[in-house]
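Each chain, letter by letter, is given below.
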Amino acid sequence: MMSPETIPAIDFSRYRYGAAEERAAVARQINQACRNYGFFYLDQHGIPADVITNGFAAAQEFFALPVEQRVACKATTGRQNRGYQPMFDTQREGEAPDVKESFDMGYPLDEAALAQLAEIPFYSRNAWPQDPGFRWRVENLYFSMLQCGQQVLRAMAESLDLDTNFFVARCEQPFTNMRLVHYPPQPPALEEGIGARAHTDKGLITLLLNDANGGLHVQSTSGDWIDAPPRPGALIINVGDLLTRWTNGRFRSAVHRVVNISGNERFSIPQFHHLDYFAKVDPADIPGGGDTAYEPIQAGEFVAQGFRRDRKSWRN
Ligand SMILES: O=C(O)CCC(=O)C(=O)O
Ligand SMILES: [Fe+2]
């Protein structure tokens, strides 16, 4: 059932430019939104409009390329989250696949780091198409979103009475990736194919940019679907499974889905914020959460498990 509720909107300029009390007030709003919804709109996020427009233009150009050129953007090994991901790769065993294709890129590593991390999932070279203008636009958006997400993670840390840099200090070589997603128009009957089936995100937080087509639904605490239409000038932030675990369940990783019955091609650009692969995630490090229900885990291994569950290419 669809709910009449809406997800909250938070004005981030008051955190970016405000005095200490104002920053604390915004941090409290973010904390409440993460507990009650696990999703919120971020207004005044500071990412320049033209950087976003250029990112969407790059996405449209990429998915208009001949399939051989898309497929040629391939990561070097299977257990990666970079390069072209073909239609239907996201599929849990026994379920129908998502009707979407994507191009992924992640944190650029220098040669020394690449050699050192060669055997570790998620770490490899980015795989670019030929047009240098594509890489330039995509990297620009990646770093703008990265910076914005780090600010949000600082506000979240403050709201949990942690050191401001508690999260970002564990993101020195993060496996944070940005994804350009293309959803073809889908038939109105959901059982005939759905853009992105109900799922939760796996990492710390996700920053999401959507085009004007709508179709994102977020599950409320009562189990109804809340429509999350695009809000001009805002991006959407949601909590991932790792942060839910770290906060001992206080921050909610909400189930969400994409239903593209707009009749149009739909494009979106999520950036999934992750930690360093070997970062330890121990709920005991975040005080005030009551008795911890979860054992400490390694960030990368936890997320890789989710990929093995959700991606055909990771199971082969
Ligand atoms: O395209 C969207 O609006 C949401 C995408 C999403 O949920 C995901 O890629 O995890
Ligand atoms: Fe998602």
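Calculation rules
Sequence order as written defines the numbering, with residues in each chain counted from 1. Chain labels run from A onward and ligand labels from 1 onward, assigned in the order the entries are written. Note on the predicted model: pLDDT of at least 70 is required for a residue's local features to be given, and 80 or more for side-chain atom pairs to be given and counted; whole-chain, interface and lining totals, by contrast, use all residues. Calculation of side-chain values draws on the structure's entire complement of heavy atoms; hydrogens and water are dropped beforehand. UniProt positions are given in the numbering used here, feature names are shortened, and annotations may be inferred rather than shown by experiment. A run of DSSP states H or I qualifies as a helix once it reaches four residues; a run of E qualifies as a strand once it reaches two. Both are numbered from the N-terminal end. C-alpha atoms define the radius of gyration, and 2.2 Å times the number of residues to the power 0.38 defines the globule rule. Buried residues are those whose accessible area, probed at 1.4 Å on protein chains only, stays under 20% of the maximum for their type, while exposed residues exceed 50% and partly exposed ones sit between those limits. The contact rule is simple, with two residues in contact once any of their heavy atoms fall within 4.5 Å. Computed with the Shrake-Rupley method and a 1.4 Å probe, the accessible areas treat only the protein chains shown as cover for residues. A pair of Phe, Tyr and Trp rings is counted when the ring centres sit within 6.5 Å of each other, with Trp represented by its six-membered ring. The angle between the planes then sorts it: under 30 degrees is stacked, over 60 is edge-to-face, the rest tilted. At least two bridges found by DSSP between two strands is the condition for calling them paired. Proximity is defined per residue: if any heavy atom of the residue lies within 4 Å of a molecule or strand, that residue is considered near it. Residues adjacent in sequence count toward polar contacts only when both atoms are side-chain atoms; beyond that, a polar contact is any pair of N or O atoms within 3.5 Å, and within protein one must be able to donate a hydrogen and the other to accept it. In this classification, the charged set is Asp, Glu, Lys and Arg, the nonpolar set is Ala, Val, Leu, Ile, Met, Phe, Trp, Tyr, Cys and Pro, and all remaining amino acids, among them Gly, are polar. What counts as an axis is a line fitted to C-alpha atoms, over the stretch in contact for a helix, and the angles between N-to-C directions run from 0 to 180 degrees. We define a nonpolar core as any set of buried Ala, Val, Leu, Ile, Met, Phe, Trp, Tyr and Cys residues linked to one another through side-chain atoms lying within 4.5 Å. Note on donors: an N, O or S atom is included if it sits within 2.8 Å of the metal, or within 3.2 Å for Na, K and Ca, and water is never included, so sites can look incomplete. In what follows, salt bridge is the name for a side-chain nitrogen of Lys or Arg lying within 4 Å of a carboxyl oxygen of Asp or Glu.

- The chain is annotated in an unreviewed UniProt entry as 2-oxoglutarate-dependent ethylene/succinate-forming enzyme of Ramlibacter agri.
- Of the chain, the UniProt comment under Cofactor (unreviewed entry) reads exactly: "Fe(2+)".
- UniProt's Sequence similarities (unreviewed entry) comment on the chain is quoted here verbatim: "Belongs to the iron/ascorbate-dependent oxidoreductase family."

Here's the deal with the overall build of the chain
- In terms of helices and strands, the chain carries nine helices and 15 strands.
- The C-alpha radius of gyration of the chain comes to 19 Å, within 12% of the 20 Å expected for a compact globule of 316 residues.
- Across its three principal axes, the chain shows a C-alpha extent of roughly 55 × 50 × 40 Å.
- Residues classed as buried in the chain amount to 56% of the 316 residues present.
- Restricting to contacts in the chain with at least 6 residues of sequence separation, those with at least 24 account for 78%.
- Here the chain has roughly 13800 Å² of accessible surface; of this, 50% comes from carbon and sulfur atoms.

Quick word on the packing of aromatic side chains
- All told, the structure shown has 22 aromatic pairs when counted by the stated rule.
- A centroid spacing of 5.1 Å and a plane angle of 90 degrees characterise the contact between Phe-62 and Phe-63, whose relative ring orientation is edge-to-face. Assigned by exposure class, Phe-62 and Phe-63 land together as buried.
- Relative to Tyr-277, the ring of Phe-175 lies with its centre 6.0 Å away and its plane at 55 degrees, an arrangement referred to as tilted. Note that Phe-175 is positioned in the loop between helix 6 (132-159) and strand 6 (177-183) and Tyr-277 in the loop between strand 13 (266-273) and strand 14 (280-281), a separation of 102 residues in sequence. Each member of the pair Phe-175 and Tyr-277 is classed as buried.
- Pairwise contacts between aromatic rings join Phe-62, Phe-63, Tyr-84, Phe-103, Trp-128, Phe-134 and Phe-267 into one cluster.

Some remarks on the sheet that holds strand 7 (residues 196-199)
- Taking strand neighbours across the sheet as the criterion, the five strands line up as 1-10-9-12-7 in an open arrangement whose pairing is mixed. Where the open sheet ends on each side, the last strands, each with one partner, are strand 1 (2-3) and strand 7.
- Relative to strand 12 (residues 256-258), strand 9 (residues 216-219) runs antiparallel, the two sharing three bridges. Residue His-217 lies in a different strand from strand 12, and its bridge partner there is Arg-257.

Let's talk about the site of ligand 1
- Around ligand 1, the surrounding shell consists of Tyr-183, His-199, Asp-201, Leu-208, Asn-210, His-256, Val-258, Arg-266, Ser-268, Pro-270 and Phe-272.
- In this structure, an oxygen atom belonging to ligand 1 sits 3.0 Å away from a side-chain N or O atom of His-199.
- At 3.0 Å, a side-chain N or O of His-256 approaches an oxygen atom of ligand 1.
- For ligand 1, whose free accessible area comes to 300 Å², the fraction covered by protein is 96%.
- For the shell around ligand 1, the elements supplying multiple residues, two or more each, are strand 8 (205-210), strand 12 and strand 13.
- If one sorts the elements of the shell around ligand 1 by residue count, strand 13 sits on top with four residues.
- When grouped by side-chain class, the residues that make up the shell around ligand 1 number five nonpolar, four polar and two charged.

Points about the sheet that holds strand 11 (residues 235-239)
- Sheet architecture is open: eight strands sit in the order 2-3-11-8-13-6-5-4, paired in mixed fashion. Edge positions in the sheet fall to strand 2 (9-11) and strand 4 (83-85), since each of these pairs with one other strand and no more. Taken over all neighbouring pairs, the strand axes of this sheet differ in orientation by 25 degrees on average, direction set aside.
- Across three bridges, the pairing between strand 2 and strand 3 (residues 39-43) is parallel. Residue pairing across strands places Ala-9 opposite Tyr-41, the latter belonging to strand 3.
- The strands that helix 3 (residues 49-64) touches are strand 4, strand 5 (101-106), strand 6, strand 8 and strand 13; relative to strand 13, the one it contacts most, it runs at about 115 degrees.
- The strands touched by helix 6 are strand 3, strand 5, strand 6, strand 8, strand 11 and strand 13; relative to strand 13, the strand with the most contacts, the crossing angle is about 50 degrees.

Some thoughts on the nonpolar core
- Counting 77 residues, the largest nonpolar core has Phe-40, Met-156 and Phe-167 as the members making the most contacts within it.
- Counting residues per element, this core draws most heavily on helix 6, which supplies 12 residues.
- Excluding anything up to four places from it in sequence, Phe-167 contacts Leu-153, Met-156, Ala-157, Leu-160, Leu-162, Leu-204, Leu-243, Trp-246, Leu-275 and Ile-286.
- Core analysis: the next-biggest nonpolar cluster, separate from the first, contains 16 residues, Val-181, Leu-216, Ala-228 and Ala-234 among them.

Details of the coordination of the iron ion (ligand 2)
- Looking at the iron ion (ligand 2), the protein donor atoms are His-199 (NE2), Asp-201 (OD) and His-256 (NE2), and they sit 2.1 to 2.2 Å from it.
- Every donor residue of the iron ion (ligand 2) comes from the same chain, spaced as H-x1-D-x54-H.
- A relative accessible area of 22% means that His-199 is categorised as partly exposed.

Here we look at the pattern of salt bridges
- For the coordinates displayed, the defined rule picks out 15 salt bridges.
- With a closest N to O distance of 2.8 Å, Glu-101 and Arg-70 form a salt bridge. Highlighted residues: Glu-101 in strand 5 and Arg-70 in helix 4 (residues 67-71), separated in sequence by 31 residues. Arg-70 carries the same exposure label as Glu-101, and that label is buried.
- A salt bridge links Asp-89 to Arg-311; the shortest N-O distance between them is 3.8 Å.

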